[in-house]
Amino acid sequence: MANTILVVAEQHEGKLNRVSFETVKAAQDISAAKGWPVHAAVAGGGIEQVAGEIAAMDVERLHAIDSPALAAYTPDGFAFALNRFIADTSPQLVLMPHTYQVRDFAPKLATALGRPLISDCIGFKTEGDRLLFTRSMFQGKFAADVSFACGAPWFATFQNGAFRGDQARRAASPRAVELFSIDLPESVIRNRPEAPFKEARQAVDLTQADVIVAVGRGIKEQKNIDLARDLAAALGGEIAASRPICDSGWLPMDRQIGSSGQTVAPKLYFALGISGAIQHVVGMKGSRTVIAINKDSEAPIFEVADLAVVGNLFDIVPPLIEEIKKARA
Amino acid sequence: MKILVCMKQVPQKDAPLKLNENGSWIREDVSYEVNEPDAYALEEALRQKEKHGGEVVAITAGPARASQVLREALAKGADRAIHLEDPAFVTLDALNTARAVAAAVKGESFDLVFTGLQSDDYGFAQTGVILAELLGWPHATIIMHIEKNDAGIRVKRELEAGFFQFVQMPLPAVLTIQSGINKLRYATLIGIKQAKNKPLRKVTMAEVQAALGPNLQVLEKLYIPQKTKKTEKLEGPASEVAKKIVEKLRNQARVL
């Protein structure tokens, strides 16, 4: 049978996770290099409408893995259903977005099939016949090329933003959705999930801010956050933070930028003492201009910065606030 | 409850890292620390034990230096520790690491296994979930709260974009713990003293070799990532730097 690439799209309660289009784009690019056709599947309960959105993409076949037992996400249910589907369709390569949900079931699925999962990839390359996957390591300080040393199916996940979802090729006419029905015994699912909820009303919507001043560990002490606040005030922007700052309670959780917080794309993102761990960078790399101040010239935040200021933020920010005030006056 | 906590030693967050000569790994002459989410996993295990009784066992895989994380765990209150000691454990993929851990604790009956949600070095975010599959146990990831009840445990999972979810699950189970689930404690002087007399079992590579296979994902090359953005570097006296930043704010960012 011919090699195929299977994209497993993600949906939550009947809504497609847009990051799925990035995975489609990744699959289309690998397809162009390897000649393997792209198939897609989405799993859930009552997901016709979601499947319809993927059907607009240029994929050869599209499957809806549908069962009432998949209506609420569980790792047992999803791993079981996809295991069956993969056994039935024998793809060479299975691609998924590196979301919290995929992280929850994909290692289980791959292990059940005796296969590895190359997780959190940021790209791929070909060397002759070989297909290599590139992943970030050491919090983005290094990248690694990784290959599979086994037969199909290969499993890989791609980091948010690794591919441009808006560049995924669309089909001339929508694909027909093929239903894959699955008999999912109740005993398979051991976890009993409750409905997702939001902790507290989000007091600030950082996605609307033109200017964001974000602080990381480099701010050292809670009282130093006032310095960042003054800078934000001078620029007419909002203050935000990386996860450790919110974990410490120095700023409320709704000020957190990153995979577990808000994703923003302001005109200006000013990063103070932020090292630039992947989990933070995925939440801000769409910003138009990024200025970062960090004492470590190797900090990964500088990889996504337009202006990389190497130095002590406590020396630089006070005169900077004065200069901004002068410029505004 | 009897809880196993999987912990890893990783390079310190702000340690400058260099590639080794053949680009297969980093140079080892750096400072190491406990992988941050693993420290929270240990803290959570200690808190559960304080509430419900039982035992906390810390396990790590790595060279001799990695025993430092176990000594810290014992000093903070873990009852005993297991060290899969061999430099080669560092080169194992997530599947083999999980197999090694499973082999090392074979014959023990834990109620819970905790891991941090991911490590700062490889960043697979997989070992805990794989371990659950190998053990045939249910799992839940990115956990922010755990409460024991008659049917097992009720945990709070962190989802994306500020969402959470409670999940009821039976025991035994594997949980991957998110940073910030609790407040970390410091080791006390008494704790550090007592740690010296707590059991620390060493397990060699030979003892678990039969459970392992070849790495099915092969790290071919480690390198400094290519920049995708044109970055202008700025260094110098603070007052000059401040003026240049303002220029940038005016001309490029156009926010002034």
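In what follows, the structure referred to is the one given above.
All of these numbers come straight from a predicted model, not from anything done at the bench. Numbers given for residues are sequential positions, taken from 1 along each chain in its written order. Lettering for chains starts from A, numbering for ligands starts from 1, and both go in the order in which the items are written. With the structure being a predicted model, the display of local features is reserved for residues of pLDDT at least 70 and the display and counting of side-chain atom pairs for 80 or more, all residues being used for whole-chain, interface and lining totals. Calculated side-chain values reflect all of the structure's heavy atoms, with hydrogen atoms and water omitted.

Let's talk about the overall build of chain B
Next, step 1: Helix and strand labels come from DSSP, where a helix needs a run of H or I of at least four residues and a strand needs a run of E of at least two; each type is numbered from the N terminus. For chain B, the count of helices and strands is seven helices and 13 strands.
Next, step 2: For chain B, the C-alpha atoms occupy an extent of roughly 65 × 40 × 40 Å along the three principal directions.
Next, step 3: Exposure is judged per residue with a 1.4 Å probe applied to protein chains only, and the accessible area is read against the type maximum: over 50% gives exposed, under 20% gives buried, and values in between give partly exposed. Among the 256 residues that make up chain B, the fraction classed as buried is 54%.
Next, step 4: The contacts in chain B between residues at least 6 apart in sequence include a share of 68% that link residues at least 24 apart.
Next, step 5: Put simply, chain B shows about 11,300 Å² of open surface, and 52% of that area lies on carbon and sulfur atoms.
Next, step 6: None of His or the chain ends enter the tally, which takes Lys and Arg as positive and Asp and Glu as negative. Note that the charge is assigned to NZ on lysines, CZ on arginines, CG on aspartates and CD on glutamates. For chain B, the separation between the mean place of its 35 positive charges and that of its 31 negative charges on side chains is 4 Å. Any two residues whose heavy atoms approach within 4.5 Å are treated as being in contact. Note on areas: these come from Shrake-Rupley sampling with a 1.4 Å probe, and a residue is covered only by the protein chains present in the view.

Re the packing of aromatic side chains
Next, step 1: In this analysis, rings of Phe, Tyr and Trp, with Trp reduced to its six-membered ring, are considered paired at centre separations within 6.5 Å, and the interplanar angle assigns stacked below 30 degrees, edge-to-face beyond 60, and tilted for intermediate values. In the structure shown here, the tally under the stated rule is 16 aromatic pairs over all chains.
Next, step 2: Plain terms: the ring middles of phenylalanine 78 of chain A and phenylalanine 105 of chain A are 5.9 Å apart, the flat faces sit at 55° to each other, and that makes the pair tilted. Remark: phenylalanine 105 of chain A occurs in helix α4 (residues 100-112) and phenylalanine 78 of chain A occurs in helix α3 (residues 75-89); sequence separation between them is 27 residues. Neither phenylalanine 78 of chain A nor phenylalanine 105 of chain A differs from the other in exposure class; each is buried.
Next, step 3: Over a ring means this: the NZ of a Lys or the CZ of an Arg is within 6 Å of the ring centre and within 35 degrees of the ring normal. Arginine 154 of chain B extends its terminal NZ or CZ atom over the ring of phenylalanine 166 of chain B, reaching a point 3.9 Å from the ring centre.
Next, step 4: It is lysine 221 of chain B that lies over the ring of tyrosine 223 of chain B; its NZ or CZ is 4.9 Å from the centre.

Looking at the pattern of salt bridges
Next, step 1: Salt-bridge detection follows one rule: a side-chain nitrogen of Lys or Arg within 4 Å of a carboxyl oxygen of Asp or Glu. The tally for this structure, following the rule as stated, stands at 34 salt bridges over all chains.
Next, step 2: Residues glutamate 158 of chain B and arginine 243 of chain A are paired through a salt bridge, measuring 3.2 Å at the closest nitrogen-oxygen approach. One end of the pair, glutamate 158 of chain B, is in strand β8 (residues 152-158); the other, arginine 243 of chain A, is in helix α6 (residues 243-247), on a second chain. Here glutamate 158 of chain B and arginine 243 of chain A have matching classes, each one buried.
Next, step 3: Linking lysine 49 of chain B and aspartate 79 of chain B is a salt bridge whose minimum nitrogen-to-oxygen distance equals 2.9 Å. Here lysine 49 of chain B is found in helix α1 (residues 36-52), whereas its partner aspartate 79 of chain B is found in the loop between α2 (67-76) and β5 (80-85), with 30 residues between them in sequence.
Next, step 4: Take lysine 49 of chain B: its relative accessible area is 21%, and that puts it in the partly exposed class.
Next, step 5: Several salt bridges share partner residues, and in doing so they unite Asp76, Lys108 and Arg190 of chain A together with Glu133 of chain B into one network.

Brief notes about empty space enclosed by the protein
All names here are of chain B.
Next, step 1: Put plainly, a pocket is an open set of points on a 1 Å grid over the protein atoms alone with protein on both sides within 12 Å along at least five of seven lines, a cavity is a set where a 1.4 Å probe fits but cannot get out, and a lining residue has an atom within 4 Å of a point. Grid points are joined across faces, edges and corners, and a volume is the space filled by probe spheres set on the points. The tally for this structure, following the rule as stated, stands at six cavities of 30 Å³ or more.
Next, step 2: Computed from the structure, the largest cavity encloses a volume of approximately 560 Å³.
Next, step 3: Lining the largest cavity are 44 residues; nearest its centre among them are Lys8, Asp38, Thr97, Ser119 and Thr127.
Next, step 4: Listed by contribution, the elements that provide at least two residues to the lining of the largest cavity are β2 (9-11), β4 (55-62), α3 (94-104), β6 (112-116), α4 (127-135) and β7 (139-149).
Next, step 5: It is β4 that provides the largest number of residues to the lining of the largest cavity, a total of four residues.
Next, step 6: A class-by-class count of the residues in the lining of the largest cavity yields 23 nonpolar, 14 polar and seven charged.
Next, step 7: As a volume, the second largest cavity reaches approximately 70 Å³. Charged means Asp, Glu, Lys or Arg here, nonpolar means Ala, Val, Leu, Ile, Met, Phe, Trp, Tyr, Cys or Pro, and polar covers whatever is left, Gly included.

A look at the sheet that holds strand β4 (residues 38-44) of chain A
Next, step 1: Strand pairing is assigned whenever DSSP detects at least two bridges linking the two strands. Across the sheet, ten strands lie side by side as β11(A)-β5(A)-β4(A)-β1(A)-β6(A)-β10(A)-β7(A)-β8(A)-β9(A)-β12(B); this open sheet has mixed pairing. Only two strands of the sheet have a single partner each, and these edge strands are β11 (177-181) of chain A together with β12 (217-223) of chain B. Across the sheet, the mean angle separating the axes of adjacent strands is 35° when strand polarity is ignored.
Next, step 2: As paired strands, strand β7 (residues 117-127) of chain A and strand β10 (residues 154-158) of chain A are joined by three bridges and run parallel to one another. Each residue of the ladder has a partner; that of leucine 117 of chain A, found in β10 of chain A, is phenylalanine 155 of chain A.
Next, step 3: Its contacts with the sheet put helix α2 (residues 48-55) of chain A on β1 (5-9), β4, β5 (61-66) and β11 of chain A, and the angle it makes with β5 of chain A is roughly 165°.
Next, step 4: Lines fitted to C-alpha atoms define the axes here, with helix axes fitted over just the stretch in contact, and angles between the N-to-C directions of these axes take values from 0 to 180 degrees. This element, α3 of chain A, spans β1, β4, β5, β6 (93-97), β10 and β11 of chain A of the sheet and lies at about 140° to β5 of chain A.

Quick word on the sheet that holds strand β18 (residues 307-310) of chain A
Next, step 1: The six strands lie next to each other as β15(A)-β14(A)-β16(A)-β17(A)-β18(A)-β13(B), forming an open sheet whose pairing is parallel. Edge strands, defined here as strands with exactly one partner in the open sheet, are β15 (238-241) of chain A together with β13 (232-234) of chain B. Ignoring strand direction, the axes of neighbouring strands in this sheet form an average angle of 20°.
Next, step 2: Pairing analysis gives five bridges linking strand β14 (residues 211-215) of chain A to strand β16 (residues 268-272) of chain A, with the strands arranged parallel.

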